[in-house]
Amino acid sequence: MSDEATGDERVTEGTWAIPLLITIPLVAIRYFSSMSTPWLVIAWALWGLAALLAVVGWVSVVRHGVGDTKSWFTCALLHVALAGQVVALLR
């Protein structure tokens, strides 16, 4: 067996889409709630889940190789969203 990844195993934008979609409720919580303690706990839990899924995506990159330009754009978008949410939640 070869160690090279085939095109079917490479990381796609779908790898990064799920954690990116998890950040959408964070935006809703931030703008539509008073950020009370229960909402903050939920927001941090969702952020942690999205971050964990991002780590899983990076493990997939290491194991199977890089994807195309669309997957890297989605990856960058996810990381910007995660960083933005941390800043918003810490305010």
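You'll find the protein entered in an unreviewed UniProt entry as Integral membrane protein, with Streptomyces ehimensis given as the organism.

Visitor: Looking at this model, I keep getting lost on the UniProt feature "transmembrane region" (unreviewed entry) in the protein. Mind explaining?
Guide: Look at the UniProt record and you will see "transmembrane region" (unreviewed entry) annotated at residues 16-32, 39-59 and 71-90. Secondary structure content for residues 39-59 is 100% helix and 0% strand, while the C-alpha to C-alpha distance between its ends is 30 Å. Across residues 71-90, helical content stands at 100% and strand content at 0%; the span's end C-alpha atoms are separated by 29 Å.

Visitor: Is there a simple way to think about the packing of aromatic side chains in this case?
Guide: Each aromatic ring pair is characterised by the separation of its centres together with the angle its planes make. Under the definition given, this model contains three aromatic pairs. Here Trp44 and Trp47 contribute two aromatic rings whose centre-to-centre distance is 5.9 Å and whose plane-to-plane angle is 75°, an arrangement assigned as edge-to-face. Of this pair, Trp44 and Trp47 both sit in helix H2 (residues 37-64), three residues apart, roughly one helical turn. In this structure an aromatic cluster arises from ring pairing among Trp16, Trp58 and Trp72.

Visitor: Can you walk me through the side chain of Thr74 in this structure?
Guide: For Thr74, the position within the fold is in helix H3 (residues 69-90). On the basis of relative accessible area, Thr74 is assigned to the buried category, the value being 13%.

Cut-offs used in this document
- Residues numbered from 1 in each chain as written.
- Predicted model: local features only at pLDDT ≥ 70, side-chain atom pairs only at ≥ 80, totals over all residues.
- Heavy atoms only, no water.
- UniProt positions renumbered as here; feature names shortened; annotations may be inferred.
- Helix = DSSP H or I, 4+ residues; strand = E, 2+ residues; numbered from the N terminus.
- Phe/Tyr/Trp six-rings, centres within 6.5 Å; stacked < 30°, edge-to-face > 60°.
- Buried < 20%, exposed > 50% of the residue type's maximum accessible area, 1.4 Å probe, protein only.

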